[in-house]
Amino acid sequence: MKRSGLTITGAAIALAFAAPAHASEKGWDDAGTVAKNALVVVAFGVPAVQGDWEGVLEAGGSIGGTILITQGLKEAFPSRRPDGSDNKSFPSGHTSTSFAAAATLHNRYGWEAGLPAYVVASFVGLSRVEAKKHRVGDVLVGAAIGTATGHLITTRASDNIHIFPWGHTKSAGVDVTLRF
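Conventions used here
- Residues numbered from 1 in each chain as written.
- Predicted model: local features only at pLDDT ≥ 70, side-chain atom pairs only at ≥ 80, totals over all residues.
- Heavy atoms only, no water.
- Helix = DSSP H or I, 4+ residues; strand = E, 2+ residues; numbered from the N terminus.
- Buried < 20%, exposed > 50% of the residue type's maximum accessible area, 1.4 Å probe, protein only.
- Salt bridge = Lys/Arg side-chain N within 4 Å of Asp/Glu carboxyl O.
- Expected span 1.5 Å × (residues − 1).
- Axes fitted to C-alpha atoms, helices over the stretch in contact; angles between N-to-C directions.
- Parallel < 35°, antiparallel > 145°, perpendicular 65-115°, else oblique.
- Left-handed = near helix turned anticlockwise from the far one by under 90°.
- Contact = heavy atoms within 4.5 Å.
- Nonpolar A, V, L, I, M, F, W, Y, C, P; charged D, E, K, R; others polar.
- Core = buried A, V, L, I, M, F, W, Y, C linked by side-chain atoms within 4.5 Å.
- pLDDT = per-residue confidence, 0-100.
- Phe/Tyr/Trp six-rings, centres within 6.5 Å; stacked < 30°, edge-to-face > 60°.

## Concerning unusual backbone geometry
Both trends apply: most residues other than glycine have a negative phi, and most peptide bonds are in trans.
Okay, so step 1: Phe 90 connects to Pro 91 through a cis peptide bond whose omega is -20 degrees.
Okay, so step 2: Along the chain, Pro 91 falls in the loop between helix H3 (53–76) and helix H4 (93–109).
Okay, so step 3: Residue Lys 132 is not a glycine yet carries a positive backbone phi of 65 degrees.
Okay, so step 4: The residue Lys 132 is located in the loop between helix H5 (111–130) and helix H6 (136–153) in this model.
Okay, so step 5: Lys 132 gets classed as partly exposed once you look at its relative accessible area, which sits at 38%.

Written as structure tokens, this is what we have:
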């Protein structure tokens, strides 16, 4: 397995937190989108790097199922966004997708992968409220949808694989231990 691939995915998560302290609504929107996309890449990338094609398939099912449920609810229950841009506020798609990716990582690889992923997913939810794209309730429902779907579709990987995220003030990464 290539350790550098996992280190890069860990660094992608760390970059999600690079938003300025006094970000504009656009800055929050952009930071949340980057963080969501990084989580999706990690949810597909970690199993792909390991040759865990069942994990890749389950990530696709979790994230795809979440998107279908979220889009269906947006159509069934139109709700005006706080910024007034459209009627697609409920539930938050960015948040549901992020929590589906986080739940997939958690359920497949344990809390060592899940905890940092849930932190990033929570940042995505916060960013959607700060960007005035959603209300807190939209984000909470999105988080519940993503978490439930991720846990219902994903199974635990082998106990012979352990993922250890790490970080300090100048860098971050992910170490993977395989037991044969």
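## Concerning the pattern of salt bridges
Okay, so step 1: A full pass over the atoms with the stated rule returns eight salt bridges.
Okay, so step 2: We note a salt bridge from Arg 108 to Asp 52, for which the minimum N-O separation is 2.7 Å. Taken together, the residues Arg 108 in helix H4 and Asp 52 in the loop between helix H2 (25–49) and H3 connect sequence positions 56 residues apart. Note on accessibility: Arg 108 and Asp 52 belong to one class, buried.
Okay, so step 3: The partner of Lys 133 in a salt bridge is Asp 83, with the nearest N and O atoms 2.9 Å apart. With Lys 133 in the loop between H5 and H6 and Asp 83 in the loop between H3 and H4, this pair connects stretches of sequence that are 50 residues apart.
Okay, so step 4: Here the residues in one salt-bridge network are Asp 52, Glu 58 and Arg 108, joined through shared partners.

## With respect to H2
Structural remark: α-helix, 3.6 residues per turn; residues separated by three or four positions point the same way.
Okay, so step 1: For H2, which comprises 25 residues, the first-to-last C-alpha distance of 35 Å matches the rise-based estimate of 36 Å (1.5 Å per residue) to within 8%.
Okay, so step 2: Of the residues one or two after H2, Gly 51 is the one with positive phi, at around 70 degrees.

## Observations regarding H5
Okay, so step 1: In this model, H5 (20 residues) spans 28 Å end to end at C-alpha, consistent with the 28 Å of a helix rising 1.5 Å per residue.
Okay, so step 2: When H5 is considered as a whole, its buried residues turn out to be Glu 112, Ala 113, Gly 114, Ala 117, Tyr 118, Val 120, Ala 121, Phe 123, Val 124, Gly 125, Ser 127 and Arg 128.
Okay, so step 3: With its phi angle positive at about 65 degrees, Lys 132 sits one or two positions after the end of H5.

## Some points on the packing of H5 against H6
A packed helix pair is summarised by two numbers, namely the angle formed by the two axes and the spacing between the axes.
Okay, so step 1: Two numbers describe how H5 lies on H6: the axes approach to 9 Å, and their chain directions differ by 150 degrees. When the axis of H5 is compared with that of H6, the two are roughly antiparallel. In this structure, the crossing between H5 and H6 has a hand that is right-handed. Across the interface between the two elements, Tyr 118, Gly 125, Arg 128 and Val 129 from H5 touch Val 136, Val 139, Thr 147 and His 151 from H6.
Okay, so step 2: Among the residues making up the contact of H5 with H6, the classes are represented as four nonpolar, three polar and one charged.

## Topic: the nonpolar core
Okay, so step 1: Ranked by internal contacts, the top residues of the largest apolar core, which has 27 residues, are Leu 39, Ala 43, Ile 63, Leu 105 and Tyr 109.
Okay, so step 2: Residue assignment for this core shows that the elements contributing at least two residues are H2, H3, H4 and H5.
Okay, so step 3: Considering every element that reaches this core, the biggest residue donor is H2, with eight residues.
Okay, so step 4: Apart from residues no more than four positions distant in its own chain, Ala 43 is found in contact with Ala 59, Ile 63, Ala 101 and Leu 105.

## Some points on the confidence of the model for the chain
Okay, so step 1: With 78% of its residues at a pLDDT of 70 or more, the chain has an overall mean of 85.
Okay, so step 2: Every residue in residues 1–5 scores below 50 in pLDDT, and together they form seven contacts with partners more than four places removed in sequence or on other chains.

## A short note on the packing of aromatic side chains
The geometry of an aromatic ring pair is captured by the separation of the ring centres together with the interplanar angle, meaning the angle of the planes.
Okay, so step 1: Going through the model one piece at a time under the given rule, you end up with three aromatic pairs.
Okay, so step 2: Centroid distance Trp 28 to Phe 123: 5.9 Å. Interplanar angle 35 degrees. Geometry classified as tilted. Here Phe 123 lies in helix H5 and Trp 28 lies in helix H2, a separation of 95 residues in the sequence.
Okay, so step 3: When its relative accessible area of 14% is taken as the criterion, Trp 28 is described as buried.

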